[in-house]
Amino acid sequence: MSPRPLALTLAFVALPVAAAAQGPAAPASAPASAPAPSLEPRRLVQPLGDDWPTYSGDYTGKRFSPLTQVDRASVKHLTLAWTARLTAGAGAAGRARFGGGSPVIVGGTGPEGLPAVPANVKGTPLMVNGTLYVTTPDNAWALDARDGREFWHYFWRTQGSTPIANRGVGIWKDYLYFVTPDNFFVSLDAKTGKERWNKVHADFTQQYFSTMAPIVVDDHLLLGTGNDIDSPGYIQSFDPLTGDVKWRFYTVPMKEGDPGLDTWPSLQSAKYGGGHPWLPGVYDPETRLYIFGTGNPIPAYTAGRGEGDNLYTCSLVAVHVDTGKMAWAFQTSPHDMHDWDSAQTPILFEGMVKGKMRKLVSTAARNGYFFTLDRVTGEHLVTSKFGGDANWAREVAKDGSVRRNPDKDPTVPGAITNPTSGGTINWEPPAYNPQTGLFYVTERNGFSIYYLTDPDPRGSMGLGGKEEVSVGSTGNFLTAIDPTTGSIKWRRPYPSASGFGSGGGGGGLLTTAGNLVFAGDAGGNFVAYDAETGAPLWHSRIGNVSNAAISYMLDGRQHILVAAGDTLYAFALYE
């Protein structure tokens, strides 16, 4: 990692120059350890304040910062405070590097010869007591939140697997937890970065891969699986001291008598049916329910799993955090045929529905539809379409689920369908602002022709058996939804140099009590939008934004932190 003094960044970053020279400069050397976070789990139940101590900021999934120093009036003065470029890999392991950086701590069981995956921040950094904790696949860093200096860097030598992303760390007291693409669950000392233990949490030989940021609830570390081959999805609770498994919940039926088995053609097909919960969920302390989304059924595009609903794939699921027992489930896409996971992080809030104040949970699914439920009972309340041109549905059923039109399934001659397999939204987290009452999400409206290339399910495991040709888009937007009715309040297009409808919102969203929404657009700009109207108020061109921004207060100054690939950018006010 190479922290950059502010002056060196001005040549390639467009920003309000007048205030830029007031930013802090990096020191000549970095300390060898970070302050220990001492984050007691009960602190996570409290409202979000100056820190950002868990994936979504707090348990609700809102990604709403209560900080107000940067607001609609002052945001025009927002300027770059510091940048830090991350370098993945072992580097000069075991000895201090040129320039005074701390040594890289190396763990893992893989061979030394494998090249490191280049750093690309597609997760959420945490900020606790002045220290940032940042990850990329196989790497974790502790940085000074004031100026980006590196305290330590941990690198995991991998066996291989699919290093598409890492969503971040979890913190329990003085310890950190993160996963590696080859399915190890690793605990580090937060002060020094030294490894405490590692545990296998999924079978590498079965093609599982791991990306999720662990969620800490009391003495539970909650972690889900990822896999695109035939395998069952599951959530596990781990003991934070020992790494031992406390319970495991499968998202598909695994034995005779399990609920949902009658929605599969056989137990064998259900046991290998997918439904991976690969993104963090949310937690309700009052009910002690952990609520999360699940992925698509497998095989994803072809016949071979009958015509049933394939429970509990593409669903919102609530489990009791102490037992791992399911309380309720709601399926957003029965019998999905396009790899449209419903694994997106949902959002908890309170709102008036049909004249009654309710405790609610909402999700914007990859299939282009939006859902609101009673989060205590799982009762369905709202279904609406937020993907403007989603054309795959036959009807909204009485239970609120969306039933597919089989004509839009992959076929030998091809079916023109919206959205693409990437979805109207994918992993990028949405946000909710309690001041506006609006749910913000990125909306993509791409079309593809889906061709069935192998009608025999025996030859089309996982994502196989189809070809997909992208044929255009009607536009991508930052979209604001009233979650109590499902109605869209405004859409703001993401413009780009290559034309309307190509990219934007790639990293996810942040909203603040300054009535702002922060997102990346398709032109490589990091943009602040008015949370009430969607009007753009400020931007800085930093390249394609790769994660959802966070906000924290340190030394009396509110920071907005975001990443573009391997580089972190911190913005603040200096006036």
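Just so you know, these numbers come straight off a predicted model, no measurement behind them. (Residues numbered from 1 in each chain as written. Predicted model: local features only at pLDDT ≥ 70, side-chain atom pairs only at ≥ 80, totals over all residues. Heavy atoms only, no water.)

J.: Could you give an account of the overall build of the chain, with specific residues and numbers?
T.: In terms of regular secondary structure, the chain is built from one helix and 38 strands. Here the C-alpha radius of gyration of the chain, 23 Å, is about what a compact globule of 575 residues would show, namely 25 Å. Seen through its principal axes, the chain has C-alpha atoms that stretch 65 × 50 × 45 Å. The buried share of the chain, reckoned over its 575 residues, is 62%. At a minimum sequence separation of 6, the contacts of the chain that also span at least 24 residues come to 62%. As displayed, the chain has an accessible area near 19,700 Å², and 52% of this comes from carbon and sulfur atoms. (Helix = DSSP H or I, 4+ residues; strand = E, 2+ residues; numbered from the N terminus. Rg over C-alpha atoms; globule rule 2.2 N^0.38 Å. Buried < 20%, exposed > 50% of the residue type's maximum accessible area, 1.4 Å probe, protein only. Contact = heavy atoms within 4.5 Å. Areas by Shrake-Rupley, 256 points an atom, 1.4 Å probe, with all protein chains shown as cover.)

J.: Go over the packing of aromatic side chains, please, and point to the residues and values.
T.: In total, this model carries 23 aromatic pairs according to the counting rule given. With a centroid separation of 6.3 Å and an interplanar angle of 20°, the aromatic rings of W172 and Y175 are classed as stacked. Feature note: the residues Y177, F185, W197 and F238 constitute an aromatic cluster, connected by ring pairs. Positioned over the ring face of Y55 is R63, at 4.5 Å from the centre of the ring. Above the ring of F477, the side-chain terminus of R491 is found at 5.9 Å from the ring centroid. (Phe/Tyr/Trp six-rings, centres within 6.5 Å; stacked < 30°, edge-to-face > 60°. Lys NZ or Arg CZ within 6 Å of the ring centre and 35° of its normal.)

J.: Help me get a handle on the environment of G275, residues and values and all.
T.: Its location among the elements puts G275 in the loop between α1 (267–271) and β17 (282–284). Residue G275 is classed as buried on the basis of its relative accessible area, which comes to 0%. Taking C-alpha positions, G275 is 8.0 Å from D341, a pair spaced 66 residues apart along the chain. Setting aside its immediate chain neighbours within four residues, G275 contacts G233, T251, T294, G295, N296 and T313.

J.: Report on the sheet that holds strand β33 (residues 516–520), specifying residues and quantitative values.
T.: Within a sheet, adjacent strands bond to each other through the backbone by hydrogen bonds, running parallel or antiparallel. With respect to topology, five strands assemble into an open sheet ordered β2-β32-β33-β34-β35, the strand pairing being mixed. The open sheet has two edge strands, β2 (64–65) and β35 (536–541), and neither has a second partner. Here strand β34 (residues 525–530) pairs with β35 via five bridges, running antiparallel. Opposite A528, over in β35, you have W538 as the bridge partner. (Pairing = 2+ DSSP bridges.)

J.: Describe in detail the environment of S384, supporting the description with residues and values.
T.: If you trace the backbone, S384 turns up in strand β24 (residues 380–385). Exposure remark for S384: the relative accessible area of 13% places this residue in the buried category. Engagement of the side chain of S384 in a polar contact is seen with the backbone oxygen of G486, the distance being 2.9 Å. (Polar contact = N/O pair within 3.5 Å; in protein donor to acceptor, adjacent residues only side chain to side chain.)

J.: Could you give me a rundown of the confidence of the model for the chain, with the residues and numbers involved?
T.: With 91% of its residues at a pLDDT of 70 or more, the chain shows a mean pLDDT of 91. In the model, residues 1–30 has pLDDT below 50 throughout and makes 67 contacts with residues more than four positions away in sequence or in other chains. In this model residues 93–100 is a low-confidence stretch, pLDDT under 50, and it forms 16 contacts with partners more than four residues away in sequence or in other chains. (pLDDT = per-residue confidence, 0-100.)

J.: Explain empty space enclosed by the protein to me, and be specific about the residues and the numbers.
T.: Overall, the coordinates contain two cavities of 30 Å³ or more when judged by the stated rule. Taken as a whole, the largest cavity spans an internal volume of roughly 50 Å³. Every residue lining the largest cavity is listed: T54, Y55, S56, D58, Y59, G61, I215, G281 and V282. Residue classes in the lining of the largest cavity are distributed as four nonpolar, four polar and one charged. Approximately 30 Å³ is the volume found for the second largest cavity. (1 Å grid on protein atoms, 1.4 Å probe; cavity = no way out; pocket = protein on both sides within 12 Å on 5 of 7 lines; lining within 4 Å. Points joined across faces, edges and corners; volume = space filled by probe spheres on them. Nonpolar A, V, L, I, M, F, W, Y, C, P; charged D, E, K, R; others polar.)

J.: I'd like to hear about the pattern of salt bridges, residue by residue, with values.
T.: Enumeration according to the criterion identifies 26 salt bridges in this entry. A salt bridge links D409 to R404; the nearest nitrogen and oxygen atoms lie 3.0 Å apart. Of the residues examined, D409 reaches a relative accessible area of 8% and is grouped as buried. (Salt bridge = Lys/Arg side-chain N within 4 Å of Asp/Glu carboxyl O.)

J.: Describe the sheet that holds strand β10 (residues 175–179), listing the residues and the values that go with them.
T.: One open sheet accounts for four strands, arranged β9-β10-β11-β12; its pairing is antiparallel. Lying at the two open borders of the sheet, with one neighbouring strand each, are β9 (170–172) and β12 (195–200). Averaged over all adjacent pairs, the angle separating strand axes in this sheet is 20°, with direction ignored. In this structure, strand β11 (residues 184–189) lies alongside β12, joined through five bridges in antiparallel fashion. Pairing of S187 across the sheet is with W197, part of β12. (Axes fitted to C-alpha atoms, helices over the stretch in contact; angles between N-to-C directions.)

J.: Outline the nonpolar core, listing residues and values.
T.: Core analysis: the biggest nonpolar cluster contains 90 residues, and L132, W152, F518, F526 and F571 have the highest contact counts within it. Each residue touching F518, except ones within four places of it in the same chain, is listed here: V70, L78, G508, L509, L510, T512, F526, V527, A528, W538 and I560. Core analysis: the next-biggest nonpolar cluster, separate from the first, contains 20 residues, L316, L348, W392 and V402 among them. (Core = buried A, V, L, I, M, F, W, Y, C linked by side-chain atoms within 4.5 Å.)

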